[in-house]
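Now for the letters of each chain:
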Amino acid sequence: MSKSMLALLMAAGVASGARAAEVTIKKDSLTEFGNAVVVAGFVEGEQAASWLTSPCNGNIRAVQVFWRSPSGVSGETIHSAIRISRAGTFPTPGELALNIGGPVLTDGVLNEYRFLDENQTIPVNVPVTANETFVVALVFGNGVVASDPSVVRDTDGNQTGRNGLLAQLGANNYVWFNSATLGVQGDWVIRAVVDCSVGPQEADVGVGAMTTPAAYSAGQALSYTIVIDNAGPVAAPVTTVVDIFPAAFTAPSWTCTTTGGASCVASGTGNLTQSISLPVGAAATFVVNGVVAAGTTGVLSNSVTAVVGGGITDPNSANNTATSNTSPGGGPEIFMDGFEE
């Protein structure tokens, strides 16, 4: 079956054998036989970009572009590329994840792209996590005038933060805009298909903690370093970190840094009750600074726990809590579940 015929069947709403776990991600409102507006006026190198959010941990398996001319019978057009990027800061996409070169666009249908080559041997496959925003953009290979086929938009308004446009401002000067600021009054009909895993969604999140200095002095500064990481096999986009500090640890303030694509609030004060996002192999590190109250004696005990949520389960709960027991004038005893004995 040719790509054009596949696109025609999709536009007609005919099932094409897609896996039951596949979900079409869109923010446009276009339905079969619905109203859409052809947006012309693009020049070579400009882009129309759709900001989409995955509902699950999975993989982008396909992208879709509705392509239309005023007549509806203009035949096929080849443009420069379709790009899948990580979310940057709207309206500018982030890191490029995949480039589909030379897409052939058929007039009047929802064109779908599942492969990177004409022989259909290299599939589109971009991992995404639940609630992750990514960007799908069409790169124009030549100019589009009013009589040409082009991308289309829906007719019920331009959603905030969901539609980007890379416009040429002078020779070799391209700038990203919110498409609404350039007069585009609807959402691009540019979509993605995400294959949501139907198997167990598990993430082994672990916690470690230590104190600096190794022994506390009453009335002096003390710091906790807390590391939360994710050994997988899937991402943990909604992980809650809870640390209710001992009363003798006064005026706590903290900062958070990340590796591997994790995200967290950068800083705060008081107890830790923070939600963080942990892709596989990522980590978030909290450094908490405070002062041990004057007159404190005995062991200062502090425990931190990470709770995995968002539909993900943790197969190993034994490493979700870490406890630092810090003595005055002596070395700390650091306990993590599984290492106490």
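Calculation notes
- Residues numbered from 1 in each chain as written.
- Predicted model: local features only at pLDDT ≥ 70, side-chain atom pairs only at ≥ 80, totals over all residues.
- Heavy atoms only, no water.
- Phe/Tyr/Trp six-rings, centres within 6.5 Å; stacked < 30°, edge-to-face > 60°.
- Helix = DSSP H or I, 4+ residues; strand = E, 2+ residues; numbered from the N terminus.
- Buried < 20%, exposed > 50% of the residue type's maximum accessible area, 1.4 Å probe, protein only.
- pLDDT = per-residue confidence, 0-100.
- Contact = heavy atoms within 4.5 Å.

Undergrad: Just give me the short version of the packing of aromatic side chains, but keep the residues and values in it.
TA: All chains considered together, the criterion is met by 8 aromatic pairs. Judged by centre distance (6.2 Å) and plane angle (5 degrees), the rings of Tyr224 and Phe245 are stacked. Note that Tyr224 is positioned in strand 17 (residues 221–233) and Phe245 in the loop between strand 18 (236–243) and strand 19 (249–259), a separation of 21 residues in sequence. The exposure class of Tyr224 is buried, given its relative accessible area of 1%. An aromatic cluster is built from Phe42, Trp67, Phe140 and Trp188, whose rings are joined through pairwise contacts.

Undergrad: Go over the confidence of the model for the protein chain with me, naming the residues and quoting the values.
TA: Model confidence for the protein chain is summarised by a mean pLDDT of 88, while 90% of its residues fall at 70 or above. Mean pLDDT across the secondary structure elements of the protein chain bottoms out at helix 1 (residues 3–11), with 31, and peaks at strand 14 (residues 174–178), with 98. Of the regions scoring below 50 in pLDDT, residues 1–20 engages in 23 contacts with residues more than four places distant in sequence or in other chains. Every residue in residues 330–341 is under pLDDT 50, and counting partners more than four places away or in other chains gives 29 contacts.

Undergrad: Before we move on, can you summarise the environment of Thr225 with the specific residues and values?
TA: With respect to the helices and strands, Thr225 occurs in strand 17. Each C-alpha atom, one on Thr225 and one on Ser324, is 10.0 Å from the other, the two residues being 99 residues apart in sequence. Discounting residues that sit within four places of it in the chain, Thr225 has contacts with Gly208, Ala209, Met210, Thr285, Phe286 and Val287.

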